[in-house]
Amino acid sequence: EDKVVQSPLSLVVHEGDTVTLNCSYEVTNFRSLLWYKQEKKAPTFLFMLTSSGIEKKSGRLSSILDKKELFSILNITATQTGDSAIYLCVTNSGYALNFGKGTSLLVTP
Amino acid sequence: GAGVSQTPSNKVTEKGKYVELRCDPISGHTALYWYRQSLGQGPEFLIYFQGTGAADDSGLPNDRFFAVRPEGSVSTLKIQRTERGDSAVYLCASSPRGTSGGALDTQYFGPGTRLTVL
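Quick notes on the rules
- Counting from 1, residues in each chain are numbered in the order their sequence is written.
- All chains are assigned letters beginning at A, and all ligands numbers beginning at 1, according to the order in which they are written.
- In keeping with the predicted nature of the model, local features appear solely for residues at pLDDT of at least 70, side-chain atom pairs appear and are counted solely at 80 or more, and the whole-chain, interface and lining totals rest on all residues.
- Side-chain numbers come from the whole structure's heavy atoms, not from hydrogens or water.
- Under the scheme used here, helices are H or I runs from DSSP no shorter than 4 residues and strands are E runs no shorter than 2 residues, and both carry numbers assigned from the N terminus.
- Each radius of gyration is computed over the set of C-alpha atoms, and the globule rule expresses the reference value as 2.2 Å times the number of residues to the power 0.38.
- Whether two residues touch is decided by their heavy atoms; if any such pair falls within 4.5 Å, the residues are in contact.
- Working definition of accessibility: Shrake-Rupley area with a 1.4 Å probe, residue cover restricted to the visible protein chains.
- Should DSSP find at least two bridges between two strands, the strands are taken to pair.
- Orientation is described by lines fitted to C-alpha atoms, with helices fitted over the stretch in contact, and by angles between N-to-C directions that extend from 0 to 180 degrees.
- The term buried area refers to how much accessible surface (probe radius 1.4 Å) is lost by two components on association, counted for both of them together.
- Salt bridges are defined as contacts in which a side-chain nitrogen from Lys or Arg sits within 4 Å of a carboxyl oxygen from Asp or Glu.
- Within 3.5 Å is the distance limit for a polar contact, defined as a pair of N or O atoms, with the added protein rule that one can donate a hydrogen and the other accept it, and that residues adjacent in sequence qualify only through two side-chain atoms.
- Each residue's exposure class comes from its accessible area (1.4 Å probe, protein chains only) as a fraction of the maximum for that residue type: buried when under 20%, exposed when over 50%, partly exposed otherwise.
- By convention, a stacked pair of Phe, Tyr or Trp rings (six-membered ring in the case of Trp) has centres within 6.5 Å and planes under 30 degrees apart, an edge-to-face pair has planes over 60 apart, and any other such pair is tilted.
- Only a pair of cysteine sulfur atoms within 2.5 Å qualifies as a disulfide here.

## Remarks on the overall build of chain A
Counting secondary structure elements, chain A contains zero helices and eleven strands. In chain A, the order of α-helices and β-strands from amino to carboxyl end is β-β-β-β-β-β-β-β-β-β-β. Its C-alpha radius of gyration of 13 Å places chain A within 12% of the 13 Å reference for a compact globule of 109 residues. For chain A, the spread of C-alpha atoms along the principal axes amounts to about 40 × 30 × 20 Å. If you take every contact in chain A between residues at least 6 apart in sequence, the share linking residues at least 24 apart comes to 53%. In the form shown here, chain A has an accessible surface area of approximately 5300 Å², with 51% of it arising from carbon and sulfur atoms.

## Focus: the sheet that holds strand 7 (residues 61-66) of chain A
All names here are of chain A. Taken together, the five strands give an open sheet; going across it, the order is 1-3-8-7-6, and neighbouring strands pair in antiparallel fashion. Unpaired on one side and paired on the other, strand 1 (3-7) and strand 6 (56-58) mark the two borders of the sheet. Geometrically, the sheet is characterised by an average inter-axis angle of 15° between neighbouring strands, direction not taken into account. When strand 7 meets strand 8 (residues 71-76), the two strands line up antiparallel, connected through six bridges. Note that in strand 8 the partner of Ile64 across the bridge is Ile73.

## A look at the interface of chain A and chain B
On the chain B side, the residues contacting the 19 residues of chain A number 25 residues. For the pair chain A and chain B, the summed buried surface comes to about 1700 Å²; carbon and sulfur atoms form 60% of the total. Put simply, chain A and chain B have zero salt bridges between them. For the interface between chain A and chain B, the tally reads three residue pairs in polar contact (both at pLDDT 80 or more).

## Overview of the pairing of strand 3 (residues 19-26) of chain A
Along any regular strand the residues' side chains alternate between the sheet's two faces. All names here are of chain A. Covered by surrounding structure in strand 3 are Val19, Leu21, Cys23 and Tyr25 only, the residues Thr20, Asn22, Ser24 and Glu26 on the alternate face being uncovered. Pairing of strand 1 with strand 3, which is carried by five bridges, proceeds in the antiparallel orientation. Each bridged residue has a counterpart across the sheet, and for Val5 the counterpart in strand 3 is Ser24. With six bridges joining them, strand 3 and strand 8 adopt antiparallel strand pairing. Across the sheet, Asn22 pairs through a bridge with Ile73, a residue of strand 8.

## Observations regarding the sheet that holds strand 8 (residues 75-79) of chain B
Residue and element names in this part refer to chain B. As summarised here, the arrangement of the four strands in space is 1-3-8-7, forming an open sheet in which the pairing is antiparallel. In this open sheet, the two strands that pair with only one neighbour each are strand 1 (5-7) and strand 7 (65-68). On average, each strand axis in the sheet is inclined to that of its neighbour by 15°, with strand direction left out of account. In this structure, strand 7 lies alongside strand 8, joined through four bridges in antiparallel fashion. Of the residues in strand 8, the one forming a bridge with Val68 is Thr76.

## Some details on the packing of aromatic side chains
Each aromatic ring pair is characterised by the separation of its centres together with the angle its planes make. Overall, the coordinates contain ten aromatic pairs over all chains when judged by the stated rule. With centroids separated by 5.9 Å and ring planes inclined at 75°, the aromatic side chains of A:Phe99 and B:Phe109 adopt a geometry described as edge-to-face. One end of the pair, A:Phe99, is in strand 10 (residues 97-99); the other, B:Phe109, is in strand 10 (residues 108-109), on a second chain. Pair check on accessibility: A:Phe99 and B:Phe109 agree, each one buried. With 6.5 Å between their ring centres and 25° between their planes, B:Tyr33 and B:Tyr35 make a pair best called stacked.

## Considering the pattern of salt bridges
Scanning the model with the defined rule gives six salt bridges over all chains in all. Where A:Lys37 meets A:Glu39, a salt bridge forms, and the shortest distance between an N and an O atom there is 4.0 Å. By relative accessible area, A:Lys37 is classed as buried at 14%. When the shortest N-O distance is used, the salt bridge between B:Arg22 and B:Asp24 registers 2.8 Å.

## A look at the state of the cysteines
Scanning all chains against the criterion turns up two disulfides over all chains. There is a disulfide in this structure between A:Cys23 and A:Cys89, and the S-S distance comes to 1.9 Å. Handedness of the A:Cys23-A:Cys89 disulfide follows from its S-S torsion of about -70°: it is left-handed. Linking A:Cys23 in strand 3 with A:Cys89 in strand 9 (residues 85-92), this pair joins segments that are 66 residues apart in sequence. Each of the two residues, A:Cys23 as well as A:Cys89, counts as buried. With its sulfur 1.9 Å from that of its partner, B:Cys23 forms a disulfide with B:Cys92. Looking down the S-S bond of the B:Cys23 and B:Cys92 bridge, the torsion is -65°, so its handedness is left-handed. Highlighted residues: B:Cys23 in strand 3 (residues 19-24) and B:Cys92 in strand 9 (residues 88-95), separated in sequence by 69 residues. A relative accessible area of 0% places B:Cys23 in the buried class.

Distances and angles like these do not, on their own, reveal function.
And the structure:
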């Protein structure tokens, strides 16, 4: 059975801090790993990673994948209160997405 | 707007009733997915449509759940004889090509329908 495990499950930081969110996975037919940000209800797409060692960046967010060790990290630098959300790590083994439980991030002023 | 839309946003029903949840995907997207998210959990896959056909319905929990997409656009998730355990947020997503696009086909999510079964 495919598994996606995220840590920590929750995190509280102060504005301006840097955070690292972790995701490890076991997938029989790995195609890609995705990160989504979920505020209220709809997950919004952040990154798709398919190759090891290539960092993807978008503003203060960055992510990298290690296909040998089967994990990914999502970094957020200079956090802002608007970064408060649940961050979902997801694997794609064809079409159906396999979601982790998410990391709930709270950024306090 | 140009995103995935879902109606209703909230639905409260009584145990044993029938409900329908609607999803309008992004125009032109051939693939449509339904997920269910229980409190404190990540979304779980229910069913995937490629065009009008259900390419994979292996995630539907039992035969009380059924989904259709008759014209390859709007989809309806139908739940018969609802139970309290069906309470969850039901998320719909669409992607441009589905399996034709392979693993690089990004799924875009709607705002979800929060279903509460009393």
